[in-house]
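Per-entry structural report
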Amino acid sequence: MTASAAPVVVLAGFLGAGKTTLLNHVLRHAGGRRIGVLVNDFGSINIDALLVSGQSGGTLSLENGCMCCTTDASDFAETLAGLTAPGNGIDAVLIEASGIAEPKALIRMVLSARSSTVAYGGLVYVVDAAHYDDTIAEHPQLGEHLAIADLVVCNKIDLLAGQDAVQSLIARLRMINSTAPILPVADAAVDPELFFEPAAEIARDDGPRQLSFDELLLADDHDHPDGHDHGHDHLHAGFESAALETSAPVDPRRLAQFLERPPAGAYRIKGTVLVDLDGHRDTAYTVQAVGGFVRVDAGSWRGRTPGTSLVVIGAGLDAAATREALDGLVAPADPDDVNGILHLTRHLVTAT
């Protein structure tokens, strides 16, 4: 994916599950990132916490650098294109599904925008842990939304009766969605890094990484040198990652299979790879996969040493198995496998 392509994340969930709380949490903890938000009503966003620096038509510019747009289904594509225009420097876009369209419809619209500025960032589904059983019993069709989620946020776990109740709920969620990462949280406090491109330092790690509460508390203390809470919640759900950094090339057929069928618990795969085939050695293939949806961009190695750098981010990853799978990608491509490269290049995106 090129640097100008913004991950577009669809945020869905049961009524009252905490979608808006999660949205506000991410905006408050943007950490200098520029976030685009698509909503029906500005009133659902905690504007007071961010301060408005300007308003134009259906767009609010926020003091923390984020942008918020109102939209409906009829102008969705136009609004998304304008929001992700290169001049805006947007790092990610969050779409709250409620009141706009069903998650499947939104996913189709995002995937149809195959351009240099838009990349599908996954379906994040928020579950109200305290009322899950009653809600799914009354509205069983909501299980269809949960089943296609790329990341499940199990919110309000502080209202459950202990860790056994949390694990029991996670097991029931696993019966509906067996592959997506499940994050148990309170107050919808999800690490915002899950929605952005993997940070460069993660790709240099030797193995899985879990953000600790101490790290996150320290980060908040940097924001507030006096050490006071200032009303922000400090319970965050971290992420795990497994990375591969090597000068060796990858086999494109095996890489495509890995991207299309990622390890259980993987939410996002991102990186740049070298393919050792005639006509492809000079091409830097940038790949991204979310929930089996794959995007590939072709660029040059200008200013960089050719090699392979991949990172897998998620929760509940089998670290050893994921690293073994990553290592299994490293091999010169079989020159007799004339169709191998097509498994990768069929996901190429043509800039528009």
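Owing to the predicted nature of the structure, the values given are computational and were not obtained by experimental measurement. (Residues numbered from 1 in each chain as written. Predicted model: local features only at pLDDT ≥ 70, side-chain atom pairs only at ≥ 80, totals over all residues. Heavy atoms only, no water.)

Observations concerning the environment of Asn-155
Let me state the cut-off plainly: The helix count covers DSSP runs of H or I at least four residues long, the strand count covers runs of E at least two residues long, and both are numbered beginning at the N terminus. Contacts are assigned to residue pairs with any non-hydrogen atoms lying within 4.5 Å of each other. In protein, a polar contact means a hydrogen-donor-capable atom and an acceptor-capable atom, both N or O and within 3.5 Å, with residues adjacent in sequence counting only if both atoms are side-chain atoms; elsewhere, any N or O pair within 3.5 Å suffices.
Along the chain, Asn-155 turns up in strand 8 (residues 151–155). Sequence separation between Asn-155 and Tyr-132 is 23 residues; the distance between their C-alpha atoms is 10.0 Å. Filtering out sequence-adjacent residues up to four positions away, Asn-155 remains in contact with Ala-17, Gly-18, Val-126, Val-127, Asp-128, Ala-129, Val-185, Ala-186, Asp-187 and Ala-188. At a separation of 3.4 Å, a polar atom in the side chain of Asn-155 contacts the main-chain amide nitrogen of Asp-187. A polar contact of 2.7 Å, which involves the side chain of Asn-155, links it to the backbone nitrogen of Ala-188.

Quick word on the confidence of the model for the protein
Put simply, the rule reads: Residue-level confidence of the predictor, termed pLDDT, takes values from 0 up to 100.
Per-chain confidence: the protein averages 79 in pLDDT, with 76% of residues scoring 70 or above. Mean pLDDT across the secondary structure elements of the protein bottoms out at helix 8 (residues 213–223), with 36, and peaks at helix 9 (residues 252–260), with 95. This model gives residues 199–236 a pLDDT under 50, and the stretch forms 50 contacts once residues within four places in sequence are excluded.

Regarding the nonpolar core
As a reminder, the rule being used: Grouping buried Ala, Val, Leu, Ile, Met, Phe, Trp, Tyr and Cys residues that are joined through side-chain atoms within 4.5 Å yields what is termed a nonpolar core. Here's how the labels work: a residue is buried when its accessible area is under 20% of the maximum for its type, exposed when over 50%, partly exposed in between, all with a 1.4 Å probe on protein chains only. Domain ranges listed in this record stem from an automatic or a database domain assignment.
Leu-22, Ile-35, Leu-173 and Phe-195 are the most contacted members of the largest nonpolar core, which totals 71 residues. The leading source of residues in this core is strand 7 (residues 118–128), at seven residues. Inspection of this core shows a minimum of three residues originating in each of domain 1 (6–195) and domain 2 (238–351). The residues touching Leu-173, leaving out its near neighbours within four places in the chain, are Val-127, Tyr-132, Leu-146, Val-152, Cys-154 and Ile-182. Counting residues in hydrophobic clusters, the runner-up holds 24 residues, among them Leu-255, Leu-329, Ile-341 and Leu-344.

Some details on the pattern of salt bridges
Note the cut-off: Take a side-chain nitrogen of Lys or Arg and a carboxyl oxygen of Asp or Glu: if they are within 4 Å of each other, that pair is a salt bridge.
This structure, assessed with the given rule, holds eight salt bridges. When the shortest N-O distance is used, the salt bridge between Asp-337 and Arg-253 registers 2.9 Å. Linking Asp-337 in the loop between helix 10 (319–327) and helix 11 (340–345) with Arg-253 in helix 9, this pair joins segments that are 84 residues apart in sequence. For Asp-337, a relative accessible area of 22% corresponds to the partly exposed category. Given the relative accessible area of 26%, Arg-253 is considered partly exposed.

Some words on the side chain of His-145
The topology assignment puts His-145 in helix 5 (residues 142–147). For His-145, the contacting residues outside a window of four places in its chain are Glu-102, Pro-103, Leu-123 and Tyr-125.

Quick look at unusual backbone geometry
A positive phi angle, near 55 degrees, is found at Asp-187, a position not held by glycine. Overall, Asp-187 belongs to the partly exposed group, its relative accessible area being 38%. Residue Ala-188 is not a glycine yet carries a positive backbone phi of 55 degrees. Structurally, Ala-188 can be placed in the loop between strand 9 (182–184) and helix 7 (200–203). Note on Ala-188: relative accessible area 0%, which makes it buried.

Considerations on the environment of Gly-18
Positionally, Gly-18 belongs in the loop between strand 1 (6–13) and helix 1 (19–28). Since its relative accessible area comes to 10%, Gly-18 is described here as buried. As a C-alpha pair, Gly-18 and Asp-187 span 169 residues in sequence and 7.5 Å in three-dimensional space. With residues near it in sequence (within four places) discarded, Gly-18 still touches Val-126, Asn-155 and Ala-188.

Things to note about the pairing of strand 2 (residues 35–39)
Where we set the bar: Here the rule is simple: two strands pair whenever DSSP picks up at least two bridges between them.
For strand 2, a buried count of five out of five residues is recorded, marking the element as mostly surrounded by other parts of the structure. Residues Ile-35, Val-37 and Val-39 of strand 2 are buried on one face, and the alternating residues Gly-36 and Leu-38, pointing to the opposite face, are buried as well. Summarising the sheet, strand 2 and strand 6 (residues 92–96) pair through four bridges and their orientation is parallel. What sits directly across from Leu-38, in strand 6, is Ile-95. Sheet analysis places strand 2 next to strand 5 (residues 67–70), joined by four bridges and oriented parallel. Within the sheet, the bridge partner assigned to Val-39 lies in strand 5 and is Thr-70.

A short note on the packing of aromatic side chains
So the rule is basically this: By convention, a stacked pair of Phe, Tyr or Trp rings (six-membered ring in the case of Trp) has centres within 6.5 Å and planes under 30 degrees apart, an edge-to-face pair has planes over 60 apart, and any other such pair is tilted.
Using the criterion set out here, one finds three aromatic pairs in the structure. Centroid distance Phe-14 to Tyr-125: 5.6 Å. Interplanar angle 80 degrees. Geometry classified as edge-to-face. Linking Phe-14 in the loop between strand 1 and helix 1 with Tyr-125 in strand 7, this pair joins segments that are 111 residues apart in sequence. Across the pair, exposure class does not vary: Phe-14 and Tyr-125 are buried alike. Both rings, one in Phe-14 and one in Tyr-132, keep their centres 6.2 Å apart while their planes meet at 20 degrees; by these two values the pair is stacked. Here the residue Phe-14 occupies a position in the loop between strand 1 and helix 1, and Tyr-132 occupies one in helix 4 (residues 132–138), the gap between them amounting to 118 residues. Note on Phe-14: relative accessible area 2%, which makes it buried.

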